[in-house]
Structure formats: structure tokens, C-alpha cells
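Tertiary structure, described
Chain by chain, the residues run as shown.
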Amino acid sequence: MSLRYALLGIISKKPATGYDVVRIFKEQMVYFWNSTHSQIYTELNRMDQESLIDHELVIQQNSPNKKIYSLTDQGRKELVRWMMEQPLKPAKIKDEFLIKAAAFNVLSLPEMIQLVDEVIKRETRVHEMTVQWKDQYMNGEESDTGTVLTLEYGIRYSKMYLDWCEWAKAYLEQFYKENDK
């Protein structure tokens, strides 16, 4: 159900097409929520039917028609109600690499290091892209507190993940060096 509120939050900032909503969702919420393209569009349609959002149909000649979604008063009230009344649940981490790491006992040291290096490479790229995106965002005309807070979370999270990977790599190398004797 949180997907609904993530989408309401995005649309609360300014009217957006479905394509814009998907792009913003994937750029800004990558560190704390995920969803598929079809789940997002299904939820947009459901919220439209429930009058939480409204849409304006834009007829285009050389491209498919598009809907521009905006938040209704009912949608804004529902978003505020959820934010203020819904109890916060403990954060959950869903990380496929951690599932692999939990089963490292079946791998050789070079295989473990290879996987850790792949995560370091990925997270370095994500960290650099997030920092670059924050710099561009902060230099733009539009900024809002929520986006700044979640961007900073993304930067700190990717930095923490990188630090942990470097520690894990050093730990593995030291552990296997000591136990090889």
C-alpha cells in the first residue's frame, strides 16, 4: 500500500505524466522503495478511479496521447492522513547480495572477492550518480525539503555500503590469510 503514498507524494509536488512519475520514482526512491513500471501504472489508474488524483488527457499528433496527473483535494487529505496517522513500521532491507554473502561458505576466496568487487563497482557508480544528481538538483530552480532529505540519505547509504564492502573485502582477505596457515 505504500506505493500509493509514494506516488501521491510525487504528484503532490507538481502535475506529472505517468512516464514522469515512473522516472522520478526510480531516480528519487531507489534507496528506500522499488516497484515495477506496471505496478506504478496500475496504482495510478486505481488512484484516478478513487478520485485521489485527476488527469488531463493531452492529444498528441506524432506521439501517443498522454495523461497529466494532478493531486485532488481528497488525494492531498489522504496523503496527509497516512503520513500523520499511519504508524511507522521497522525498516526492512531487501538485498540480494546479502543473501549471497550469507552463503559465502560454498565459495572460494577469489569468488567471494569477485562478488564483493562487483558490489563495490556498482555502488561506486550509484554513489557518483547520486552526488551528481544532487548537485544538479540543488543548482536548479526547484527544490523541496523531502527531495533534499532523501537525496542525502541516498548519498550516505551508498557511502556506508561502500565502506562496509571495503571492510568485508579486507576481513575476508585477512580471515583466509590467517586460516591458511
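Residues numbered from 1 in each chain as written. Predicted model: local features only at pLDDT ≥ 70, side-chain atom pairs only at ≥ 80, totals over all residues. Heavy atoms only, no water.

Okay, the pattern of salt bridges next. On inspection of all chains with the given rule, the structure shows twelve salt bridges. Across the pair Asp117 and Lys169 runs a salt bridge whose closest N-O atoms are separated by 2.7 Å. A residue pair is termed long-range when its members are at least 10 positions apart, and Asp117 in helix H6 (residues 109-139) and Lys169 in helix H7 (residues 145-179) qualify at 52 residues. (Salt bridge = Lys/Arg side-chain N within 4 Å of Asp/Glu carboxyl O. Helix = DSSP H or I, 4+ residues; strand = E, 2+ residues; numbered from the N terminus.)

So, about the sheet that holds strand S3 (residues 66-71). Spatially, three strands are ordered S1-S3-S2 in an open sheet, and the strand pairing comes out antiparallel. Each edge of the open sheet is held by one strand with a lone partner, namely strand S1 (16-17) and strand S2 (53-58). Two elements, S1 and S3, share two bridges in a ladder whose sense is antiparallel. Opposite Ala16, over in S3, you have Tyr69 as the bridge partner. Against the sheet, helix H1 (residues 2-13) contacts S2 and S3, and its axis sits at roughly 90° relative to S3. (Pairing = 2+ DSSP bridges. Contact = heavy atoms within 4.5 Å. Axes fitted to C-alpha atoms, helices over the stretch in contact; angles between N-to-C directions.)

Moving on, we come to the side chain of Asp48. Along the chain, the position of Asp48 falls in helix H3 (residues 37-49). Lys67 is the oppositely charged side chain nearest to the buried, salt-bridge-free Asp48, at an N-O distance of 4.8 Å. If we skip the residues at most four places from it in the chain, Asp48 touches Ile53, Asp54, His55 and Tyr69. (Buried < 20%, exposed > 50% of the residue type's maximum accessible area, 1.4 Å probe, protein only. Lys, Arg positive; Asp, Glu negative; His and termini not counted.)

Attention shifts here to the packing of aromatic side chains. Each aromatic ring pair is summarised here by two numbers: the centre-to-centre distance and the angle between the ring planes. With the rule as written, the count across this model stands at eight aromatic pairs. For the pair Tyr153 and Tyr157, a centre-to-centre distance of 6.0 Å together with 20° between the ring planes defines the contact as stacked. Of the two residues, Tyr153 and Tyr157 both sit in helix H7, four residues apart, roughly one turn of that helix. Three or more aromatic residues joined by ring pairs form one cluster here, namely Phe97, Phe104, Tyr153, Tyr157, Tyr161 and Trp164. (Phe/Tyr/Trp six-rings, centres within 6.5 Å; stacked < 30°, edge-to-face > 60°.)

Judged from the six bridges that link them, S2 and S3 form a sheet pairing that is antiparallel. The residue of S3 that forms the bridge with Ile53 is Leu71.

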